[in-house]
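Observations on the three-dimensional arrangement
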Amino acid sequence: MSSFQKGMFTSKLPPRSMLQANGSNSTKRTRLGGPPQDFTPITWDHYFTERSDVKVGDNQFRVYKVGTTGPLLLLLHGGGCSALSWALFAKIIVELADCQVMAMDLRGHGDSITTDDEDLSIETMTKDVVDVVLAYAPDVDAMVVMGHSMGGAVAVHVAHAAPLERAILGVVVIDVVEGTALSALASMQCFLRSRPQSFQSLSDAVRWSLQSGQLKNAESAKVSMPGQIKNLKTNKTGVQELDCSKEKGVEREGEETFLTAEKDTILEEEDAAEDGTEVKKNFKVPTSAKNYGWRVELRRSERFWPGWFAGLSKLFLSAHAQKLLLLANLDRLDTDLTVGQMQGKFEMHAFETVQGRVGHSVHEDVPDSVARVVATFLTRNKFAQPKGDFHGQISCG
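Residues numbered from 1 in each chain as written. Predicted model: local features only at pLDDT ≥ 70, side-chain atom pairs only at ≥ 80, totals over all residues. Heavy atoms only, no water.

If you look the protein chain up in an unreviewed UniProt entry, it shows as Protein phosphatase methylesterase 1 from Laodelphax striatellus. We quote the UniProt Catalytic activity (unreviewed entry) comment for the protein chain here in full: "[phosphatase 2A protein]-C-terminal L-leucine methyl ester + H2O = [phosphatase 2A protein]-C-terminal L-leucine + methanol + H(+)". Database annotation for the protein chain, UniProt heading Sequence similarities (unreviewed entry): "Belongs to the AB hydrolase superfamily." (UniProt positions renumbered as here; feature names shortened; annotations may be inferred.)

Take a look at the structure:
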């Protein structure tokens, strides 16, 4: 199995002790007896200043924005995620470079509503993005399109879309490479089947994302997971539920809850004995009410997966815009991109120096590092002016 497959799928599978996350050995307290970890969700308005629903024909797309001047940085999330996966990155990037950030929920994801949520073909999603930009920012003349995983594939196709091609100055792709992505598709169904299909609460979903290794940044998990989950009884997304709670002045629950598995699961809990040694004991995670499930059922989109990535490397290399590829690890390059990188056709940065803190969702795990790399890309190419004392501190080789 390639490093890409391990990073994208295997590392997301529940570890031997799902309760051992971020140095915690217990659901109740930390290893040293500190306070319990907080999994309470965070609302979008801590990171974005505007939220809109953009109508395009019979479809409606949720858009989040922060920043008022400079080029438009369009952010496209990965499969199963939502625009809120960019929350921390968006807040940081506008503090480093003078730019406007626009993050949208793609078709079938988050709080976007379409006539056919299951049509996740690359052609349909590309058209959606182009239509939303033309409707939301019709006069845009300077923009950089940036995407993660599936969203990275969409970003590359958008960079070739005639209505926006002249306005697009740059294209940034995060952790998606054609060769390794296509080879990893065989593992996708296995991963999707392995994860819990339901949760007791939004906090429960946040807990799972961290303790399974899907995400490694607690703050990002708190704001992004509600966009991936919906109430199975009301069909409201987690974001909508948080909005309702906020309007009513009700605080979301912060107490610990167990994740809901399809059957009782035996896990190992490591606790500290009086002499400081770790003692393992088994306990059951009980099956309980299935209150929340996934917003999008990715298993049903399998027929579209090859189309997301086929021909992606050559399409990326042929884009007229300046190009930046961000990877969790350098060994994820395929042949076309390796040759292209040697020929200087694009800039690249790998986050190997923060190995262990970075998984497939690089922009969520280390949003500050990613923001600095992207801000350097924007300012060095004179797409945007630096802000404050930022002068491009990372070299993208």
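Next comes the rest of the description.
**Points about the overall build of the protein chain**
Each helix and strand in the protein chain was counted, giving 14 helices and twelve strands. Partitioning the intrachain contacts of the protein chain with sequence separation of at least 6 by distance along the chain shows that 72% fall at a separation of at least 24. About 16300 Å² of surface is accessible on the protein chain, with carbon and sulfur atoms providing 50% of the total. (Helix = DSSP H or I, 4+ residues; strand = E, 2+ residues; numbered from the N terminus. Contact = heavy atoms within 4.5 Å. Areas by Shrake-Rupley, 256 points an atom, 1.4 Å probe, with all protein chains shown as cover.)

**Here we look at the nonpolar core**
Counting 58 residues, the largest nonpolar core has L76, V129, M143, V145, W308, F316 and L325 as its most contacted members. The element best represented in this core is helix α4 (residues 150–159), accounting for seven residues. Excluding residues within four positions of it along the chain, F316 makes contact with V156, V171, V173, K323, L324, L325, L337 and F346. Membership of the second largest hydrophobic core comes to 45 residues, among which are L96, A97, A103 and L378. (Core = buried A, V, L, I, M, F, W, Y, C linked by side-chain atoms within 4.5 Å. Buried < 20%, exposed > 50% of the residue type's maximum accessible area, 1.4 Å probe, protein only.)

**Focus on the UniProt feature "active site" (unreviewed entry) in the protein chain**
Feature annotation in UniProt places "active site" (unreviewed entry) on S149, D175 and H360, given in this structure's numbering. The greatest C-alpha distance among the residues just named is 8.3 Å, despite their covering 212 residues of sequence, which places them together in space. Mapped onto the secondary structure, S149 falls in the loop between β5 (143–148) and α4. Counting through the fold element by element, D175 comes out in the loop between β6 (168–174) and α6 (178–194).

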